[in-house]
Structure formats: structure tokens, C-alpha cells
Amino acid sequence: MPERTVTLLAMIAVEGTGELRAVVPAAARLGVSLDDLAPAERAEVVRVVEGRLFVEQPLVPALAYGTASYSLRAEIHRALAAEGHGDGPWHRAAAALGPDEEVAAALEEVAERVQNAAVRADALCAAADLTPDVDTRATRLAAAARSAGEAGQPRRAAMLAPVPPDSAAGPDAVEEALSPVWRSLAEGDDDAARSAVRSVLTRVRSRQEYGGLPRALEAAAVTLVHAGRWEEAGRALSEGLDLAEEIGQGRQAARLRARLAWLAAARGDEAGCRTLAAAAAGYAGAHGTPEVAALARRALGLLHLGEGRYGDAAQALKPGEGGYGDVVRALEPGEEAETGPGRFVLGAEVGGPDLVEAAVRCGREDLARWALDRMGGPGRAERADLARCRGLLGQGSAAGEEYAAALRGHELLGRPYDRARSALVYGEWLRRAARRAEARERLTTALEIFETLGAVPWARRARRERDATCGVWTGMVAGLTRQEARVAELAAGGVANREIAERLNVGLRTVESHLYRAFQKLGVSSREELARRLREAGHGVDGPE
């Protein structure tokens, strides 16, 4: 193509809008006219429709610009800037032959006007390149690094200035914006929390402040868990984890893994929970982040609690190695409770209620009371959790009153999982108080919620308790009561008597008594014979409890 046509194509490549009224005056400054476009039109590289240029073969103009001499490219940019093109500061920067504070200042103004963090970083980088003063250049580079961090460009941020991604302005600003979310959750106002987190997410995504997005997604996931929308919560956590890893936010990635571990535990995914919790705990140990360690412990504790391993659950949930000095609330990212002597906050976010239940069921009332003494707060959720825990430690009708209060509190909160947990322990208490009809109602409620959520181990426990309210078992092993059958099946599976007692929340002597009677009724003298007899009978039982 003719040289003048190639020059015009090079200008079209960088002009961007395709508006003839922008291209033609600038081209005239280079001695090029619209007539020079004809060869490109005949070659079907471009076409003109109602005053606009449409590029049919975009590689050709790009090649024309890329192979043009530096001086020609500079002339093209100067011509476009002289005609007041909308990207004037950028064209002036491209045409600059060296440092130019006037052009740099114009680019800095561009950065101040745009909301897109990546574009802001580009403008500030270009401004810094053209800045003659060393200190001003450093200031602009630091601002470019922060914008790159907000845009989710950690490597670029690190190259521009030594600003760790976790310290970028994006995460800090988002964390401050999330304060109302954590506060509303603590107060039990989940509607306000969901509304606030939606606003933060909208802002972060629209401005492309990706450095703060993982933290915002964590907050969103917490609200979704409370609402019983576990699938959506899992997706939010996974999205946040992928981004946190990509942009080098190790601490935030560990927090997200710990929360995913909790979801896996609640669903009965033992392998997934252990893998995620181990990764989170490993980071916490290496970097000294106690709130991450607490979240990881909470997940493992729930895993053991759901499977009836109460001693293991208490051990996992019990803070500290030789004491309780690393207890944290972990409600708000980065927030830590006071250490040393004095009171700590042991809330649901670090498994306080789970620790109380596990400790009660494995006979560690001292640990349960220690945990209960460190729970509490002004919010409705914390009051409901406290009532459930007092019920677990209570006796007689007082325990029943606490369970009823906990259930009412969790029903009002609209948190399905917490409601089901309170309905379950209340139903268990009612059944043991021989109030079977009431127990069946509560246990059915718990079972239905757990099944809807996909909380497999908790649904299994609720179903077992609900079935026990029926009073009669049908099957092929005549004479065994339900409790004898449970003990026999666990023993046949190789579970030691002490662990059976722990799982069933009964005394060791009770287990030994049930097992002795089961041996007699079935006419066996060893656990191997017991296992064979139960296999032959299909594990069925028949008789009153």
C-alpha cells in the first residue's frame, strides 16, 4: 500500500474511536487526507459507514503502527493531542522525548478521575516515567503500586514499590467498609449484614479493587452460611480463595481455607476438612496468626463432634497447648482478644458452643464451665448460644427451660443450622425426660433442616434420636433394646468400651452392662462372634428401649 495510506492506518490503530471527525484533522497535520484511505478500502481492510471507520482486518493497522519509525509514531500522537483527542494526555506521553512534568501532571489528573484501578495504575506508571523530580516520581510509583494491588496485580505492585499485597490500600479500605457487616452479625441482625456486604461487593467489583475482594467474599460467605445457603457460601469462599492465592494474600487464603474446612466438616467430608484445616493451621503456625489457627481448630472440632468423637472434639477446640492464652474472637478479620490473665471472648466463630457440648459429652465438665464462663455478648445470637450451653450443663427442668430459650432465640434469628442444633439437643433432653411426642417434634424439625442443608452427620444423629422416640424396633435380633444394639454394633466394629461411652454419652459401666446383656441374649462370648451374629442378622433389633 502507498506510504500515506500506511500512515493513515497507523493513526487509525491508535485513535481508537473510528470517528472520521477525529482522524481526518489529525491526519491533515501529517499531510495525509481522506483520499489516502481508498487503497485500504479497496483491499477491504477498512470501510466507512456514516462517518465512522470500521476496521475489517485489525491486524493490518496494528502492523502499520508497529512497523512505523519512532519519529512517525511520535508525530501521530502529537497530531492527535493537538486536535484535542479525548486521550490527549496519553498521546502527549507517547510523543514525549524525555521527562516532562507538565505531561506527567496531566496523567496524574487522569488517574484521579478514573475508578478502574488497573487504568489508574497505568496512568500513574506513565506519569512516574515522565517525572523529572526523584521524590515526586517515588510518590507516583507508590500510588501506582497501591492501585495495582487493588486491581489484583500483585507482581506488578511488587515491581513498582515494596508494598506487600496484604498491605495494599484495597484490602484495608474494604476491611473498614466491612465493619458494619461484622457488627450486624454479632448483633444478630442478619438482614442488615447481608445488605451491607452486598453494597461492599458491588463497590469492589465495579471499581475492580480486587485486592479487597477475597475479604469481602469471606464476609458474604458467613452471611450465606447463617442463611442456610451453603452451596452459595462454598462458591463465594472458593472464588475468594482462588483470587487470594493468585494475588499473594497468604493470610486471607488461610482464613478462607479454614472456613471451607468448616463447611466440609458440617457436611461430613472428613478428608476435605482435614486437608483444608491442615493447610490453614500450617500457615497460622508459620506466620503467627492466632485467628486463623482458631478457625482451623473450630472446623476440626466440628468434624469430631458431628461424628461423636467427643474427646477429640474437645481437644481440637480447646485453645492453646498448655493453657488458654491464644483465645480469639475471630469474628472480625484480624481482630484478636486480649491475652494474658483476664477474660477472653470465646464466641461461636471459634467454636465456643461446640467446645461446651464436646466437653460435657466426654465428661469434662470443668472444661465446659471454663468455656461457658468466657462466652457471652450483647447480641441475640450469643444469648441463644449461651442458653443452649447452659442447658447442656443444667439439670432437671432448668435444663429444659434453657433449651427452650435457645430454640426460641435461634428461631427468631433465622439461622437454620443453629436452630437445628438447638432443636436437636432439646429433643434429646425431652426424649430422656420421657416426653416422647414433644421430643419427636423437635427432632423431626432438626432432621429436616439438617437434610436440607446437607449436614450429613447431624442428620444421621437427629434421625437416630427421632427413631428412638418410636419405642419399638423391628428386626431379626430379638430381645436387644435399642441401646444394647447400639453398644453391640459399635463393639462388633472394634470400638473400645471407653470410646463407646463417649460416643453415646453414657458411663463406662453402662456400656459394660449393655454389652454383657447383649452377649447373653445372643449367646456369644467374644466380639468376633458378636460381629458374625450381627452380620447374619443384618444388624436388626427387636424390642423396647
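Summary of the structure given here. Because the structure is a prediction, the values reported are computed rather than measured.

Helix and strand counts for the chain come out as 30 helices and four strands. Taking all 545 residues of the chain together, the buried fraction comes to 50%. Long-range pairs, those at least 24 residues apart, make up 60% of the contacts in the chain between residues at least 6 apart in sequence.

A few words now on the pairing of strand 2 (residues 52-55). Summarising the sheet, strand 1 (residues 46-49) and strand 2 pair through four bridges and their orientation is antiparallel. Of the residues in strand 2, the one forming a bridge with Val49 is Arg52.

Relative orientation of the contacting elements helix 1 (residues 3-15) and helix 5 (residues 70-82) amounts to 60 degrees, with a least axis distance of 10 Å. When the axes of helix 1 and helix 5 are compared, the pair comes out oblique. When the axes of helix 1 and helix 5 are compared, the crossing they make is right-handed. From helix 1, Thr7, Ala10, Met11, Val14 and Glu15 reach across to helix 5, where they touch Leu72, Ile76, His77, Ala79 and Leu80. Per-class residue counts for the contact of helix 1 with helix 5 are seven nonpolar, two polar and one charged.

Between helix 27 (residues 482-492) and helix 28 (residues 497-504), whose axes approach to 10 Å, the crossing angle comes to 135 degrees. The orientation of helix 27 relative to helix 28 falls into the category oblique. Crossing of helix 27 against helix 28: the hand is right-handed. Of the residues in helix 28, those touching helix 27 at Arg486, Val487, Leu490 and Ala491 are Ile500, Arg503 and Leu504. By residue class, the composition of the contact of helix 27 with helix 28 is five nonpolar, no polar and two charged.

Here is what the cut-offs are and how they apply
Residues numbered from 1 in each chain as written. Predicted model: local features only at pLDDT ≥ 70, side-chain atom pairs only at ≥ 80, totals over all residues. Heavy atoms only, no water. Helix = DSSP H or I, 4+ residues; strand = E, 2+ residues; numbered from the N terminus. Buried < 20%, exposed > 50% of the residue type's maximum accessible area, 1.4 Å probe, protein only. Contact = heavy atoms within 4.5 Å. Pairing = 2+ DSSP bridges. Axes fitted to C-alpha atoms, helices over the stretch in contact; angles between N-to-C directions. Parallel < 35°, antiparallel > 145°, perpendicular 65-115°, else oblique. Left-handed = near helix turned anticlockwise from the far one by under 90°. Nonpolar A, V, L, I, M, F, W, Y, C, P; charged D, E, K, R; others polar.

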